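An overview of the molecular structure
Here is how the chains run, residue by residue.
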Amino acid sequence: MVHIEILPDSQGLQAERVNIVANISSHAGVGPLKELEGHIAAGAIHDSDERCDAPKCQPETRVAVQDDLYDWILDGDGASESEHPKKIKWVTGPAGCGKTAIMGSLAGRFHGPAPEDSLHHHPGEPAGRTSRRLEERHLKCHREEPKRFQEESMRPDGNTCTSATAGDGTPTRPTTARGAIIIGGVDECEAEQYHDGSKANSPRARTNDQDQLEILQVLQAASSDPSFPFRILIASRPERVFRDFFDPQNTPIAFADKLDLHEDYNADADITLFFEVQFSRLRRRYKFPPSWPPPGTVQTLVENASGQFIYAATVIRILETAHRDPPEALLKAILATGATLKMTSNPLEQLDALYTHILESSPDPPLSVRWICSINELNASVGLYHYHLPYTSNVNMLLQTDPESNEAEHLLGNLHSLIRIPPPSDQATTQYNFYHKSLFDFLEDPARCGNQQELYVEKKEIEVFMWDRFVQACMRGCNTLFSFSDSFLEFLLDVPCTVEISWAIPHSKTHLKSASAAWWVSLAITHKVDERIWWIFEFGHQSVRAVLNPFQMLLVSLQAGV
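Below is a short write-up of the structure. Predicted model, so just to flag it, every value in this text is computed and none were measured. (Residues numbered from 1 in each chain as written. Predicted model: local features only at pLDDT ≥ 70, side-chain atom pairs only at ≥ 80, totals over all residues. Heavy atoms only, no water.)

What follows covers the overall build of the protein chain. Scanning the protein chain for helices and strands turns up 23 helices and nine strands. For the protein chain, the residues scored as buried account for 48% of the 562 residues in total. Partitioning the intrachain contacts of the protein chain with sequence separation of at least 6 by distance along the chain shows that 76% fall at a separation of at least 24. When the accessible surface of the protein chain is summed, it comes to about 28900 Å², and 51% of that surface belongs to carbon and sulfur atoms. (Helix = DSSP H or I, 4+ residues; strand = E, 2+ residues; numbered from the N terminus. Buried < 20%, exposed > 50% of the residue type's maximum accessible area, 1.4 Å probe, protein only. Contact = heavy atoms within 4.5 Å. Areas by Shrake-Rupley, 256 points an atom, 1.4 Å probe, with all protein chains shown as cover.)

Next up on the list: empty space enclosed by the protein. All chains considered together, the criterion is met by three cavities of 30 Å³ or more. Approximately 40 Å³ is the volume attributed to the second largest cavity. Ile-310, Thr-314, Arg-317, Tyr-355, Ser-417, Leu-418, Tyr-435, His-436 and Leu-439 together form the lining of the second largest cavity. Here the lining of the second largest cavity takes three residues from helix H10 (residues 309–320), the largest share from any one element. (1 Å grid on protein atoms, 1.4 Å probe; cavity = no way out; pocket = protein on both sides within 12 Å on 5 of 7 lines; lining within 4 Å. Points joined across faces, edges and corners; volume = space filled by probe spheres on them.)

This part covers the nonpolar core. Judged by nonpolar contacts, the single largest core of 72 residues is most densely connected at Phe-275, Trp-371 and Leu-412. Filtering out sequence-adjacent residues up to four positions away, Trp-371 remains in contact with Asn-396, Leu-399, Gln-400, Glu-407, Ala-408, Leu-411, Leu-412, Tyr-432 and Phe-465. (Core = buried A, V, L, I, M, F, W, Y, C linked by side-chain atoms within 4.5 Å.)

The next point concerns helix H2 (residues 63–75). An ideal rise of 1.5 Å per residue puts 18 Å on 13 residues; H2 measures up with 18 Å between its terminal C-alpha atoms. All buried positions along H2 are accounted for by Val-65, Gln-66, Leu-69, Trp-72 and Ile-73. Looking down the long axis of H2, one finds its buried residues gathered within 130 degrees of arc, a one-sided arrangement. For H2, the secondary structure elements touched by its buried residues are strand E1 (88–92), helix H3 (99–110), strand E5 (179–184), strand E6 (230–236), strand E7 (256–260) and helix H7 (261–264). Where H2 terminates, the next one or two residues include Gly-76, which has phi positive at roughly 65 degrees. (Expected span 1.5 Å × (residues − 1). Arc of directions from axis to C-beta.)

Let's shift gears to the pattern of salt bridges. Counted according to the given criterion, the structure contains 12 salt bridges. Salt-bridge contacts for Arg-237 lead to Asp-441; the nearest nitrogen and oxygen are separated by 2.6 Å. Note that Arg-237 is positioned in the loop between E6 and helix H6 (240–246) and Asp-441 in helix H16 (residues 438–443), a separation of 204 residues in sequence. Of the two residues examined, Arg-237 and Asp-441, each falls in the buried class. Between Glu-461 and Arg-370 there is a salt bridge, with its nearest N and O atoms 3.3 Å apart. Taken as a pair, Glu-461 in helix H18 (residues 459–477) and Arg-370 in helix H13 (residues 365–381) lie far apart in primary sequence, 91 residues in all. Residue classification places Glu-461 among the partly exposed residues on the basis of a relative accessible area of 37%. Salt bridges here are not isolated pairs; linked through shared partners, they connect Asp-187, Arg-237, Glu-239, Lys-437 and Asp-441. (Salt bridge = Lys/Arg side-chain N within 4 Å of Asp/Glu carboxyl O.)

Take the side chain of Arg-476 next. Among the secondary structure elements, Arg-476 is positioned in helix H18. This buried residue, Arg-476, is left without a salt bridge; Asp-402 holds the nearest opposite charge, at 6.7 Å. A distance of 2.8 Å separates a polar side-chain atom of Arg-476 from the backbone oxygen of Met-397. (Lys, Arg positive; Asp, Glu negative; His and termini not counted. Polar contact = N/O pair within 3.5 Å; in protein donor to acceptor, adjacent residues only side chain to side chain.)

Moving on, we come to the side chain of Arg-469. For Arg-469, the position within the fold is in helix H18. Buried charged residue Arg-469 carries no salt bridge. Nearest counter-charge: Glu-407, at 4.7 Å. Those residues within four positions of Arg-469 in sequence are excluded, and the remaining contacts are Leu-367, Leu-398, Leu-399 and Thr-401.

Attention shifts here to the packing of H18 against helix H19 (residues 486–498). Between H18 and H19, whose axes approach to 10 Å, the crossing angle comes to 145 degrees. The crossing of H18 and H19 is left-handed. Along its contact with H18, which presents Met-466, Trp-467, Phe-470, Ala-473 and Cys-474, the element H19 presents Phe-488, Leu-492, Val-495, Pro-496 and Thr-498. Residue composition of the contact of H18 with H19, grouped by class: nine nonpolar, one polar and no charged. (Axes fitted to C-alpha atoms, helices over the stretch in contact; angles between N-to-C directions. Left-handed = near helix turned anticlockwise from the far one by under 90°. Nonpolar A, V, L, I, M, F, W, Y, C, P; charged D, E, K, R; others polar.)

Here's what the structure looks like:
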């Protein structure tokens, strides 16, 4: 029981309306900030160690847009600021136009004593975690400015409710903004839900759009509070949920402005400067003559980029990370690839051609795509379906047909411009990472890579591939002459949670025909609190009913501590 006294020493107090909201649900007196702390992805803060190599704008590029956003944060709309100032600005544009780099560079300008706060969503991060991080920012604001917030509560639906009223019940005067909350990649948030392929009647899944809309609604609710002191920058691609939410025709009072990087700013001059700086650096690195690259090269590449910075960045990475061919030959191949395309109005055509060129440099492009998509699924599942990071060495052990081979280097060795591959010394503690999500926009769209039949692979085919590799690993585990590390076994048990087992098993041609019961029992003993072992075994051995009940009884007794 909590005893609260309200104004115990007050005399002659008159109030027309008193509205007290108290809904505190915490364990052992833990406050709301502590409740939220366990759900925060600290690595998403703009200056975290995890974002040490995050994209930033090339010096002297994107200056105009950065200045415009900087001025808006400090001064708002200037003289046009009204009684209903717009505290939200939506920065949008297609994949690869530089949204993340601009937001990161802008956050860096405020870094230090300024009160700016910045959040960068991790691809695949649960949307619920993002919204809880936003709520922590809001609660922190309450804690640091108690006089401005007379009422505070955590609603059962997870939203943070704030209000500030004067003595007569009217809202307080709007507070001058003193900083900004910068949030990138909201369109990449994924719905947070537990994926259990063993349960046929699991709750209806939330969609990513629903969770992304919830985040936007939390932000709008915060900004509508007259005492909320921050401006909010939201960066995302122009997906439907964002277009509808920010459409001024859908709201009685416009609450946000839109800035389209592709339409409102001409990026050609900045991309030209980027290429000139990078080619100068490559000339110094490789001792090339001043005449390299040939005249007209930069202009051609800028035209090919069509305003997409990701095209420019990928071209430079190809030249920097080449292992087998010299940069001069690679540059000629890139220019030849672009020259074979007809002039169209599709700004992604050159980027698609570049991705195709890179992927086809692998000795086995179809298998390389399956590896890439599987790695992406495993990375995206962390925090959603499992919590063991898919370290590079474990991923290789899973996907390679022969654990003693060097299949990973064979398939991915030419793809360093697309995927960040850790050096061998770091592969036991570091993940594979991809440079840009636009690669998967390309691979998942049959209209863009469908003409290259070997590059387009349906998601269900990827799930069958991952299940086949999982079964293959289990078969090796059943071999008494082969043993896995504890790290790999922890990771291996996570893999089926990433796959839609009800689809993968019927379409798989790989079956656990010679599985060793002793190996599964040893797993159950080592991981006795892990129910996944039972339903993985059950799905993999549906035809072996004689051993299912004893195995389940063993698992139950182990969990009960018998």
